[in-house]
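# Breakdown of the fold
Chain residues, written in single-letter form:
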Amino acid sequence: MDAKDEAERGLTDIQDYLYWDSHRRAAHHRAADFAARVPGLSEDQRADIEWWYVEEQIRVSRAIAHHLTEQITMVEARHTKRYARLRRDACVALALLVMAVIALSVSLVLVTAG
């Protein structure tokens, strides 16, 4: 991997982290807004609600990412298998076509020679 690829990967990692962090902060703000509207909560209870909500959002995000990764892996495997079968079938068809051309060429030589 050259320096340009490493720099691009580093920028992508930074972008992904910033995206994740902005969603985490947004979840924290939503939880804080909700907890502020509930009367009678202590500061510890508000903090617990905010913490739980943010952790739940992270858990859901990870579950979705895991599910998507599994689906992508499954689709890639299926397409790889189909492509391998298509290549094999194309090679067999090409071999049959070459044999047919050779047989016709030999027949033509025998007919014209005989």
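Here's a quick rundown of the structure. (Residues numbered from 1 in each chain as written. Predicted model: local features only at pLDDT ≥ 70, side-chain atom pairs only at ≥ 80, totals over all residues. Heavy atoms only, no water.)

## Remarks on the overall build of the chain
Secondary structure assignment for the chain yields 2 helices and 0 strands. Dimensions of the chain, computed from C-alpha atoms along their principal axes, come out at roughly 110 × 35 × 15 Å. When the 114 residues of the chain are sorted by exposure, 7% land in the buried category. Here the chain displays about 9800 Å² of accessible surface, and carbon together with sulfur accounts for 64% of that area. For the chain, the centre of its 15 positive side-chain charges and the centre of its 17 negative side-chain charges are spaced 10 Å apart. (Helix = DSSP H or I, 4+ residues; strand = E, 2+ residues; numbered from the N terminus. Buried < 20%, exposed > 50% of the residue type's maximum accessible area, 1.4 Å probe, protein only. Areas by Shrake-Rupley, 256 points an atom, 1.4 Å probe, with all protein chains shown as cover. Lys, Arg positive; Asp, Glu negative; His and termini not counted. Charge placed at Lys NZ, Arg CZ, Asp CG, Glu CD.)

## Structural notes on helix α2 (residues 43–113)
Taking 1.5 Å of rise per residue, 71 residues should cover 105 Å, and α2 covers 103 Å from first to last C-alpha, within 8% of that figure. E50, V54 and I58 are the residues of α2 that are buried. The inward-facing, buried residues of α2 abut α1 (3–37). (Expected span 1.5 Å × (residues − 1). Contact = heavy atoms within 4.5 Å.)

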